[in-house]
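# Understanding the architecture of this molecule
Each chain is listed here by its residues.
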Amino acid sequence: MAHQMNDEQRLQALEQFNPAEHLVQIKAKDGTMKDYYPANWRLYELRLRHPMITLESEIVHMEVEQNLVIVKAWIFDGKTYAESERRASAYKQGSLASLDKVETGAKARAARDFGIGTEYALDMEAEDEQADTSGALATIKTEVKELGLARNPQQWATFKKQAIGRDLPDNKLSAGHIAKLTSAIEQHKSNEAA
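The sections below set out a description of the structure shown in this document. Values in this document were obtained by computation on a predicted structure and should not be read as measured data.

### Description of the packing of aromatic side chains
Counted by the stated rule, this structure contains five aromatic pairs. One aromatic cluster is present, formed by Phe 17, Trp 41 and Tyr 44 through successive ring pairs. Here Arg 86 stacks its cationic end above the ring of Phe 114, 4.2 Å away from the centre of that ring. Directly above the ring of Tyr 81 sits Arg 87, whose terminal nitrogen or CZ lies 5.3 Å from the centroid.

### What about the sheet that holds strand E3 (residues 54-63)?
The strands making up a sheet associate through backbone hydrogen bonding, with each pair oriented either parallel or antiparallel. Reading across the sheet, the three strands line up as E3-E4-E5 and stay open at both edges, with antiparallel pairing between neighbours. Pairing within the sheet leaves two strands with one partner each, and these edge strands are E3 and strand E5 (87-95). The mean inter-strand angle of the sheet, taken between neighbouring strand axes irrespective of direction, is 20°. Pairing of strand E4 (residues 68-76) with E5 involves nine bridges; the strand directions are antiparallel. Across the sheet, Lys 72 pairs through a bridge with Tyr 91, a residue of E5. Sitting on the sheet, helix H3 (residues 99-113) touches E3, E4 and E5, and the angle it makes with E5 is about 150°.

### Topic: the pattern of salt bridges
One pass over the full model with this rule turns up eight salt bridges. Taking the shortest distance from any N to any O, the salt bridge between Asp 170 and Lys 160 comes out at 2.6 Å. With Asp 170 in the loop between helix H6 (153-164) and helix H7 (175-193) and Lys 160 in helix H6, this pair connects stretches of sequence that are ten residues apart. Here the residues in one salt-bridge network are Lys 141, Lys 160 and Asp 170, joined through shared partners.

Reading the values: the criteria
Residues numbered from 1 in each chain as written. Predicted model: local features only at pLDDT ≥ 70, side-chain atom pairs only at ≥ 80, totals over all residues. Heavy atoms only, no water. Phe/Tyr/Trp six-rings, centres within 6.5 Å; stacked < 30°, edge-to-face > 60°. Lys NZ or Arg CZ within 6 Å of the ring centre and 35° of its normal. Pairing = 2+ DSSP bridges. Helix = DSSP H or I, 4+ residues; strand = E, 2+ residues; numbered from the N terminus. Axes fitted to C-alpha atoms, helices over the stretch in contact; angles between N-to-C directions. Contact = heavy atoms within 4.5 Å. Salt bridge = Lys/Arg side-chain N within 4 Å of Asp/Glu carboxyl O.

Here it is, written out as structure tokens:
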């Protein structure tokens, strides 16, 4: 039986929920690593933020012989999709054998269009964690230089990109990014000690 949260529990869970903590690194088509917010966490956040929305899906096309299915998902906040102020829909196709995954993918795409997605998780990370990181960053840069990990701006940019998974200017680094840089330094130290 599924656990049902009351409103107080839901609001407490929402307050503690940080989408940026659930980002994972995936390989992009060009071979670089990029942040991705998995579908299960998108749908969880969607329900925390909008407990009264309707989330529906249906198979709009299926070809058994070709093992193909297309699923449409839609999200709305009113009595019907047409009457709703906020609404989103999305399609996803895939093999019939992975129908559940295709349906979840369609729902996750609709959630993105409803305002719950990777780009929003990254924006929240920047907004929510945008503490004054200048002192910590100066300390990190000094340590990186002393360890010989980066001696010029190009090497610093490379180290930073490897540590946080993407290329960001120093003035856009959040507290979460600072933690990743610190972790990369600690990892280097433990590798050197081994």
